Amino acid sequence: MAALVRVATCNLNQWAMDFKGNLARILESIREAKSCGCTFRTGPELEITGYGCEDYFLENDTFIHSWDSLAEVLKSGVTDGILCDIGMPVMHRNVPYNCRIIVLNGRILGIRPKFFLANDGNYREMRYFTPWYIDPSKPGFGEIEQYFLPVRIQELTGQRTVPMGVFAVSCRDTAVSFETCEELFTPQAPHIQLSLDGVEIIANGSGSHHQLRKLDRRIDLVRSATKKAGGVYLYANMKGCDGGRLYFDGCAMIWVNGNLVGQGSQFLGLDEVEVVTATVNLSDVRAERSSFIARSYQASSSPTVYRIEVDFRLGDPQPLLLAPSPYIEPRIHDPMEEIAYGPSGWLWDYLRRSGMRGYFLPLSGGADSSSTATLVAIMCQRVVEELRNGPERSKKQVLADIRKITRRPDYTPSDARDLCSKIFVTCYMASKYSGQETRNRALQLGEEIGSVHTSIFIDDICASMQETFKKIEFHTGGFSKDKLKTNPQIKGGTWMENIALQNIQARSRMVMSFFLSQLMPWATDGDESRGGMLLVLGSANVDEALRGYYTKYDCSAADINPIGGINKRDLKSFLEWAGKHKGIKVLQRVADAKPSAELTGAEGEQSDEVDMGMSYAELADLGHCRKVEKCGPLSTFLKLRKRWADHELTPSIRAKGPDAPKTRDEAVAQKVKDFFFYNALNRHKMTTLTPSYHAENYSPDDNRFDLRPFLQCVTFDAQFAAVDRVVKEAAACSSDAPPAKRAKSA
């Protein structure tokens, strides 16, 4: 007879250090799994604390409160009749570990520490935790130690010690073991050896964040794990913003022998608890493995993992009442949907957990600020959709969040535009250089999405700052005021005059943004002020940050930025997609417009790409080489001279006239030099980047992802000399090198 087991995994929207809320979501997920007849439940990595606690993991209190939360789980009775795999930090012999706590019937069966820690990109686990030591000279997963439980847990469970190490739980009818997040991604992943030792169900509690086009890899790894080795694999994850730049993108999954039988959402739905269940057939696992002769040969001599035996049956005693879950195809969002639903979900979590009244955005009518506004609109659409069609638990939570944010205890939005009008203020901050077209686009976008759209002129602010400059007094230094130059000009003046006056415009917009964000709720509430302030949204994209093409402390300086990790090419495609799929017609006009800062002239008179001396497409390639492909100037040149073989390069703004490059290799080399020069020159700006949604793996985020000095040698003498030598060698090899294709200057 078939050996059928009901298993559960989940997406949980945990929040770092929210022990009360995290506990409630864990308990709810276990209750729901039990109500679905499941006998095994796994949850995300560090679900008791939240994954993103960062240096809170260095505090002993975090470990104390974690045990307090686990004590509540144990005494609640929810683990009666269901084997539970729960993630939390554990201190053992004064060493901190990232662990899985295995619980059944109110007792702890064992503690499984993580032994391959994530320590690259956004991950810093080895700052907080120590990998569990396994002697590489010996087969298997090392020794099992005894962990002495805290006294309050001893009193609760009657246990003094529990096994700690890598083990499998041997039930009466099958064996279960565990991986944690990064261990799945490693070349020598533990699930291979576990499966060879007869473990039939493997659970992975993960804390994996969203990155554009990343889900395919995750799915391929889990599919491969169970296709090659056979078995059942459960993947659990966080889903949501747990307090930082990352958005954990859920997608809890259940696989059997390389086939998907259960998948949770990656973005859609706002329920804080999403349980994914399936009925798996262990007879299929045994048949798959036993018929693979080479696998059986390897398994016959495989090291044995330590077993913790329990008198508990996972399989249903009446299998004829169940049927195995059918195979399904994985659901993968296309990149435009990822941009729409990842950052909009991040915005909702941030807003509802921040205690603020809504968002404020300087809306210029350009691609970047329009993308940010569109994400807020999509957020509102999703919130209203959840309120109408979500599960009852989620409807209740969403409505409570709406009323908390708006400070309206009886308010229920009639539609997305109505909600947008209560929580989103946009402002067109015009100057004498602003064009009518951008003004019109900003107004139409505000009308279409339902924001409270406003406008101001910043000319008086800029003029007053210039007037203040004219009144400057010198008390030392021997300067004569009557010889002082006090009338800088944008047109006809020096470069320093021009850039200073551009920066004043940009910075005045930042000052006004924060001023308006604080006063707009007060100004629009009428006689009954509800208090509160708005969060200021930034809208600088990743390419501009790489190039340093923005003013330090301008209106890119905000509370948070939902597009700061997305490149310009993707943003343009997103605007076109959102215009078609989200009913915002003006976005196609925005996408078609040529990017312009409008600091020296209206759109069409000033071009971002001309000012930068490089196109957004070139910036994306250069940024990818620098960060993702780990290339310096020389390696970047060697890669791009082939990649850009048919690419029409934008003119350099550093090498002009007789110094302009004459051959293709010289043009590519100059472009590489320009990029590294400006990236290094403007690196100090990265230290002030607004916290941004992490979406690209070439993000320049100085806080945690792209760690470099902010005072750099911008000449790159040795590096650029090496590039020049290669250019000369290439020219010697091909005396008829084709001339560089040059784009016409605007």
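So, how was this worked out
- Residues numbered from 1 in each chain as written.
- Predicted model: local features only at pLDDT ≥ 70, side-chain atom pairs only at ≥ 80, totals over all residues.
- Heavy atoms only, no water.
- Helix = DSSP H or I, 4+ residues; strand = E, 2+ residues; numbered from the N terminus.
- Rg over C-alpha atoms; globule rule 2.2 N^0.38 Å.
- Buried < 20%, exposed > 50% of the residue type's maximum accessible area, 1.4 Å probe, protein only.
- Contact = heavy atoms within 4.5 Å.
- Areas by Shrake-Rupley, 256 points an atom, 1.4 Å probe, with all protein chains shown as cover.
- Lys, Arg positive; Asp, Glu negative; His and termini not counted.
- Charge placed at Lys NZ, Arg CZ, Asp CG, Glu CD.
- Pairing = 2+ DSSP bridges.
- Axes fitted to C-alpha atoms, helices over the stretch in contact; angles between N-to-C directions.
- Phe/Tyr/Trp six-rings, centres within 6.5 Å; stacked < 30°, edge-to-face > 60°.
- Lys NZ or Arg CZ within 6 Å of the ring centre and 35° of its normal.
- Polar contact = N/O pair within 3.5 Å; in protein donor to acceptor, adjacent residues only side chain to side chain.
- Right-handed = clockwise from strand over helix to strand, strands pointing away.
- Salt bridge = Lys/Arg side-chain N within 4 Å of Asp/Glu carboxyl O.
- Expected span 1.5 Å × (residues − 1).
- Parallel < 35°, antiparallel > 145°, perpendicular 65-115°, else oblique.
- Left-handed = near helix turned anticlockwise from the far one by under 90°.
- Nonpolar A, V, L, I, M, F, W, Y, C, P; charged D, E, K, R; others polar.
- Core = buried A, V, L, I, M, F, W, Y, C linked by side-chain atoms within 4.5 Å.
- pLDDT = per-residue confidence, 0-100.
- Disulfide = S-S within 2.5 Å.

Colleague: Describe the overall build of the protein, with residues and values.
Modeller: Counting its regular elements, the protein contains 25 helices and 20 strands. Since a compact globule built from 746 residues should have a radius of gyration of about 27 Å, the 29 Å found for the protein is in line with a globular shape. Referenced to the eigenvectors of the C-alpha coordinate spread, the extents of the protein come out at roughly 95 × 80 × 55 Å. Taking all 746 residues of the protein together, the buried fraction comes to 57%. Considering only contacts in the protein between residues 6 or more positions apart, those separated by 24 or more positions represent 74%. A total accessible area of about 31,200 Å² is found for the protein, and carbon and sulfur atoms account for 53% of it. Put simply, the protein has 91 plus and 92 minus side-chain charges, and the middle of one group is 2 Å from the middle of the other.

Colleague: Can you break down unusual backbone geometry residue by residue, with the values?
Modeller: Across residues other than glycine, the phi torsion is negative in most instances, and most of the peptide bonds are trans. You will see that Met17, though not glycine, has its phi angle at about 70°, which is positive. Turning to its location among the elements, Met17 is positioned in the loop between strand 1 (4-12) and helix 1 (19-35). Residue Met17 is classed as partly exposed on the basis of its relative accessible area of 24%. One non-glycine residue, Asn94, lies in positive phi territory at about 70°. Of note, Asn94 is situated in the loop between strand 3 (83-92) and strand 4 (95-104).

Colleague: Give me the sheet that holds strand 19 (residues 452-457): which residues, what numbers.
Modeller: The parallel open sheet is built from four strands, whose spatial order is 19-18-17-20. Every other strand in the sheet has two partners, leaving strand 19 and strand 20 (534-536) as the edge strands with one partner each. In this sheet, adjacent strand axes meet at a mean angle of 25° when their direction is disregarded. On top of the sheet, helix 10 (residues 335-354) reaches strand 17 (358-362) and strand 20; it is set at about 120° to strand 17, its chief contact.

Colleague: How would you explain the environment of Val384 if you had to name every residue and give the values?
Modeller: Secondary-structure assignment places Val384 in helix 11 (residues 367-389). Judged by relative accessible area, Val384 falls into the buried class, the value being 4%. Once residues lying within four places of it in the same chain are set aside, the contact partners of Val384 are Pro413, Asp415, Ala416 and Leu419.

Colleague: Let's hear about the packing of aromatic side chains: which residues, and what values?
Modeller: Overall, the coordinates contain 21 aromatic pairs when judged by the stated rule. Taking the centre distance of 6.1 Å and the plane angle of 50° together, the rings of Trp346 and Tyr350 count as tilted. Of this pair, Trp346 and Tyr350 both sit in helix 10, four residues apart, which is roughly one turn of that helix. Assessed through its relative accessible area of 26%, Tyr350 is described here as partly exposed. Cluster of aromatic residues (ring-pair linked, three or more members): Tyr247, Phe267, Trp346, Tyr350 and Tyr693. Taking NZ or CZ as reference, Lys685 lies 5.3 Å from the ring centre of Tyr550, over its face.

Colleague: How would you summarise the pairing of strand 3 if you had to cite specific residues and measurements?
Modeller: The two faces of the sheet receive side chains in turn, since in a regular strand these alternate between them. Counting buried positions over the 10 residues of strand 3 gives nine, a clear majority of the element. As paired elements, strand 2 (residues 40-42) and strand 3 share three bridges and run parallel to each other. When the bridges of strand 3 are listed, Thr42 appears paired with Asp85. Pairing analysis gives nine bridges linking strand 3 to strand 4, with the strands arranged antiparallel. Bridging from a neighbouring strand, Met88 pairs with Cys99 of strand 4. The turn linking strand 3 back onto strand 4 is made up of two residues, and Arg93 within it adopts a positive phi angle of 55°.

Colleague: Requested: an account of the side chain of Asp368, with residues and values cited.
Modeller: Mapped onto the elements of the fold, Asp368 is located in helix 11. Judged by its relative accessible area of 9%, Asp368 is buried. There is a polar contact of 3.1 Å between the side chain of Asp368 and the side chain of Lys568. The residues contacting Asp368, other than those within four sequence positions of it, are Ser539, Asn541, Glu544, Ile563, Lys568 and Leu571.

Colleague: Explain the pairing of strand 10 (residues 201-205) residue by residue, including any values.
Modeller: When you tally the buried positions in strand 10, you get five out of five residues, the bulk of the element. The two faces of strand 10 match: Ile201, Ala203 and Gly205 on one face and Ile202 and Asn204 on the other face are all buried. Sheet topology note: the strand 9 (residues 175-180)/strand 10 ladder contains five bridges and is parallel. When the sheet's bridge partners are listed, Ser177 is paired in strand 10 with Ile202. Of the strand pairs in this sheet, strand 10 and strand 11 (residues 232-240) are connected by five bridges, and their pairing is parallel. Along strand 11, the bridge assignment pairs Ile202 with Tyr233. In this fold, the crossover linking strand 10 to strand 11 by way of helix 7 (residues 215-229) has right-handed handedness.

Colleague: Provide a residue-level description of the pattern of salt bridges, including the pertinent values.
Modeller: For the structure shown, the criterion picks out 42 salt bridges. Put simply, Glu28 and Arg31 hold a salt bridge, and the shortest N to O gap is 3.8 Å. On the criterion of helical spacing, the pair formed by Glu28 and Arg31 is a turn pair, its members being three residues apart in helix 1. Residue classification places Glu28 among the partly exposed positions, given a relative accessible area of 27%. In this structure, Asp349 engages Arg352 in a salt bridge whose closest nitrogen and oxygen atoms are separated by 2.9 Å.

Colleague: An account of helix 23 (residues 664-681) is requested, with residue identities and associated values reported.
Modeller: Quick reminder: α-helices carry 3.6 residues per turn. Residues three or four places apart thus point the same way. Taking 1.5 Å of rise per residue, 18 residues should cover 26 Å, and helix 23 covers 26 Å from first to last C-alpha, within 8% of that figure. By the criterion of burial, helix 23 is predominantly enclosed, with 16 of the 18 residues buried.

Colleague: Describe the packing of helix 11 against helix 13 (residues 416-423), listing the residues and the values that go with them.
Modeller: Running from N to C, helix 11 and helix 13 point in directions that differ by 120°, and their axes come no closer than 8 Å. By the angle between their axes, helix 11 is oblique relative to helix 13. In this structure, helix 11 meets helix 13 at a crossing whose hand is right-handed. Note on element contacts: helix 13 touches helix 11 through Ala416, Leu419, Cys420 and Ile423, opposite Met379, Cys380, Gln381, Val383 and Val384. Here the contact of helix 11 with helix 13 is built from residues that sort into eight nonpolar, one polar and no charged.

Colleague: Please give an account of the nonpolar core that cites residues and values.
Modeller: Residues Leu347, Tyr359, Met379, Phe424 and Phe574 are the most contacted members of the largest nonpolar core, which totals 59 residues. Residues in contact with Tyr359, not counting those within four places in the same chain, are Leu347, Tyr350, Leu351, Val376, Met379, Ile423, Phe424, Val425, Leu534, Leu535, Leu537 and Ile560. Counting residues in each nonpolar core, the second largest holds 57 residues, with Cys10, Phe19, Val166 and Ala168 among its members.

Colleague: Would you mind going over helix 13 in detail, with residue names and values included?
Modeller: Burial in helix 13 covers these residues: Ala416, Asp418, Leu419, Cys420 and Ile423. Check the buried side of helix 13 and you find it contacts helix 10, strand 17, helix 11, helix 12 (392-406), strand 18 (424-430) and helix 14 (436-449). For helix 13, the N-terminal cap is Asp415; the gap from its side-chain oxygen to the backbone nitrogen of Arg417 is 3.2 Å.

Colleague: I'd like to hear about the confidence of the model for the protein, residue by residue, with values.
Modeller: Averaged over the protein, the pLDDT score is 93; the fraction of residues at 70 or greater is 97%. Contacts for the low-pLDDT stretch residues 742-746, under 50 throughout, to residues beyond four places or in other chains number 12 contacts.

Colleague: Residues and numbers for the state of the cysteines, please.
Modeller: Per the counting criterion, the structure on display carries zero disulfides. Take Cys625: it sits in no disulfide, and the sulfur closest to it among the cysteines is that of Cys631, at 5.1 Å.

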